Amino acid sequence: MTSSRVWLLMATSFAVIVVFFILREHWAHALGLAPYLLLLACPLMHLFHGHGGHGGHDHKDRTP
């Protein structure tokens, strides 16, 4: 394992531990924000969802 991977693993582990302890102390506040985050996720999903995969809805190319 290279030294950069070791540092990345250590930094990720430290970040997970810090987030765990912050959420443990402030769980009521974090859980109170959950409905608002869910409501915010809906318009963000519509804005950033890729609309190119529908095959096109333009009917000009269709012959009668």
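Residues numbered from 1 in each chain as written. Predicted model: local features only at pLDDT ≥ 70, side-chain atom pairs only at ≥ 80, totals over all residues. Heavy atoms only, no water.

### Considerations on the overall build of the chain
Line of reasoning, step 1. Helix and strand counts for the chain stand at two helices and zero strands.
Line of reasoning, step 2. Accessible area for the chain stands at about 6,500 Å²; split by element, carbon and sulfur atoms hold 72% of it. (Helix = DSSP H or I, 4+ residues; strand = E, 2+ residues; numbered from the N terminus. Areas by Shrake-Rupley, 256 points an atom, 1.4 Å probe, with all protein chains shown as cover.)

### Points about the packing of aromatic side chains
Line of reasoning, step 1. Under the criterion given, the structure shown has one aromatic pair.
Line of reasoning, step 2. Consider the rings of F20 and F21, whose centres lie 5.2 Å apart with planes at 70 degrees: the pair is edge-to-face.
Line of reasoning, step 3. Looking at F20, the relative accessible area reads 49%, which means it is partly exposed.
Line of reasoning, step 4. On the basis of relative accessibility, which here comes to 42%, the residue F21 falls in the partly exposed class. (Phe/Tyr/Trp six-rings, centres within 6.5 Å; stacked < 30°, edge-to-face > 60°. Buried < 20%, exposed > 50% of the residue type's maximum accessible area, 1.4 Å probe, protein only.)

### Some points on a nonpolar patch on the surface
Line of reasoning, step 1. Nonpolar side chains collect at one region of the surface, where L33, Y36, L37, L39, L40, L44, L47 and F48 lie side by side and expose about 920 Å² of accessible area between them.
Line of reasoning, step 2. Relative to the elements of secondary structure, Y36 occurs in helix α2 (residues 27–48).
Line of reasoning, step 3. Of the residues examined, Y36 reaches a relative accessible area of 58% and is grouped as exposed. (Patch = residues over 30% accessible without salt bridge, like charges linked within 9 Å, V, L, I, M, F, W, Y side chains within 5 Å. Salt bridge = Lys/Arg side-chain N within 4 Å of Asp/Glu carboxyl O.)

All we've got here are geometric facts, nothing functional implied.
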